[in-house]
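Coordinate analysis (summary)
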Amino acid sequence: MIFIDVTQSCRSSNNSGIQVVTRNLFREINAQKAVTPLIWDNFLKNYSHLNKRELKNLSDPFDKDYQAKERPNKQENPFYKEFLKSFFRLKRIKKFDNQSSTQQLFIFPEVFRDNRVFELPKVKMNKLTKGAIFHDANVLQNSLPTPAARLKNFKGYMNFLASCDAISTVSDFSKKQFIENIGSSFEQTKIVTHRLPVEPPEFQPRKKLQHVPLIIFVSTLGYNKNHLCLLDAAEILWSEGLSFELQFIGQSDPSWSYKVINKINEFRQRNRPIKWLKHIGQNELEEKYLSCSFTVFPSTSEGFGLPIIESLVRGKACICGKNGALGEIIRDGGCLTIADQKDSNQLANGIRKLLTDKELILKLEKQAKKRDFGSWKSYSSQLLDHFLP
């Protein structure tokens, strides 16, 4: 019997990196073995089976008429709805069989951002083998901009991971981060790196390249994503007279996004061609990938860097840094790298190169199209082999 915690991925249409991993992982494991998705309930302090809407969010989060949202999870789950959902979940609470002789596995692919970190040890699931995916410890690496409550919660999450039977890290860099933060409280032999796969999209839009070059940055508006520096770089180029449009795609983060949004609004008042499209549906995202000239991902620290290979698998070159996990995924080509993505002049130089050197961008696109980014089927099989040796 296999259980999987899909709390973040079934609550709303949010489709950021961790949700992309969870949804694809569930789909592939469910195709191979019997797996039960579960959601954590903060009020009930326990796991519950999913209702119809939650199952829909897990398998297909975007309705046909999906409207862009700033924060999908908050907008789709106001407090009164959460309270009502908890009431109806009373009948669906999951009680684990601690007497079973059959091996049971519980997979935790998401980061805990609720009271699970403190309440989960009280849930009676002592007979279950626990396997988790670790993404990154960027919150601990740069804790200054992080709210104190979130920081405390993340430390509790790390302590929970230390109690798991096996950990899969998404890169060698994230493995290093995990070991450094957990230390001697965890046996290193239980940690294996499985790099995340990306497959070509099923939806193929008809939209073509627009006349004015379009550059997109797909990411949550978080502090480590470096949006402000990218805006400074864009201003350098616009001041030079270069013509291009810059679009940000992704949800907001209440602890930081207002700084980015305010700067975007300032630029728009000066008629700079910058837009924040918020969190958009997958089909619209595919149209943006097809329409853009290239992508930029100036994030200062990543456990993996999924948007980079999502760009490359679509044949679009990407400008990014080469530190940490980013250095691992750029090795086989398709990216224009910069030494210091915190330097707006270096960012501007990289963007200028791709806007003006057509041969270079064609070279990078050719490299990207030759790369093999694996499959979710293979990834899921490797993960299960690690969690259930």
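Criteria and thresholds
- Residues numbered from 1 in each chain as written.
- Predicted model: local features only at pLDDT ≥ 70, side-chain atom pairs only at ≥ 80, totals over all residues.
- Heavy atoms only, no water.
- Helix = DSSP H or I, 4+ residues; strand = E, 2+ residues; numbered from the N terminus.
- Rg over C-alpha atoms; globule rule 2.2 N^0.38 Å.
- Contact = heavy atoms within 4.5 Å.
- Areas by Shrake-Rupley, 256 points an atom, 1.4 Å probe, with all protein chains shown as cover.
- Lys, Arg positive; Asp, Glu negative; His and termini not counted.
- Charge placed at Lys NZ, Arg CZ, Asp CG, Glu CD.
- Salt bridge = Lys/Arg side-chain N within 4 Å of Asp/Glu carboxyl O.
- Buried < 20%, exposed > 50% of the residue type's maximum accessible area, 1.4 Å probe, protein only.
- Pairing = 2+ DSSP bridges.
- Axes fitted to C-alpha atoms, helices over the stretch in contact; angles between N-to-C directions.
- Patch = residues over 30% accessible without salt bridge, like charges linked within 9 Å, V, L, I, M, F, W, Y side chains within 5 Å.

1. Quick look at the overall build of the protein chain
Summing up its helical and strand segments, the protein chain has 17 helices and 13 strands in all. Its C-alpha radius of gyration of 21 Å places the protein chain within 12% of the 21 Å reference for a compact globule of 389 residues. In terms of overall dimensions, the protein chain has C-alpha extents of about 70 × 45 × 40 Å along its principal axes. Expressed as a percentage of contacts within the protein chain between residues at least 6 apart in sequence, the contacts between residues at least 24 apart total 76%. Within the structure as shown, the protein chain displays about 18,300 Å² of accessible surface, and the carbon and sulfur contribution to it stands at 49%. When the 58 positive and 41 negative side-chain charges of the protein chain are each reduced to one mean point, those points stand 3 Å apart.

2. Details of the pattern of salt bridges
Pairing of side chains with opposite charge becomes possible as their charged atoms draw close. Applying the stated criterion across every chain, the model contains 24 salt bridges. The salt bridge partner of K275 is E245, with a shortest N-O separation of 3.8 Å. A residue pair is termed long-range when its members are at least 10 positions apart, and K275 in strand β10 (residues 274-276) and E245 in strand β9 (residues 245-249) qualify at 30 residues. With a relative accessible area of 37%, K275 lands in the partly exposed category. Through salt bridges with shared partners, a single ionic network connects D41, E54, R89 and R92.

3. Quick word on the sheet that holds strand β12 (residues 318-320)
On the basis of which strands lie adjacent, the open sheet formed by 6 strands has the order β10-β9-β8-β11-β12-β13 and parallel pairing. One side of each edge strand has no neighbouring strand; the edge strands of this open sheet are β10 and β13 (335-337). In this sheet, neighbouring strand axes are inclined to one another by 25° on average, regardless of whether the strands run parallel or antiparallel. Here 3 bridges tie β9 to β10, and the two strands are oriented parallel to one another. Paired with Q247 across the two strands is K275, which belongs to β10. Contacts between helix α11 (residues 257-269) and the sheet are confined to β9 and β10, with β10 contributing the most and set at about 145° to the helix. In this fold helix α12 (residues 282-291) packs onto β8 (214-218), β9 and β11 (294-297), with an angle of close to 135° to the strand it touches most, β8.

4. Some words on a nonpolar patch on the surface
On the surface, a nonpolar cluster with roughly 580 Å² of combined accessible area is contributed by Y80, L84, F87, F88 and L90. In this structure, Y80 sits in helix α5 (residues 79-89). Here Y80 falls in the exposed class, since its relative accessible area comes to 53%.

These figures come from the coordinates and say nothing about function on their own.
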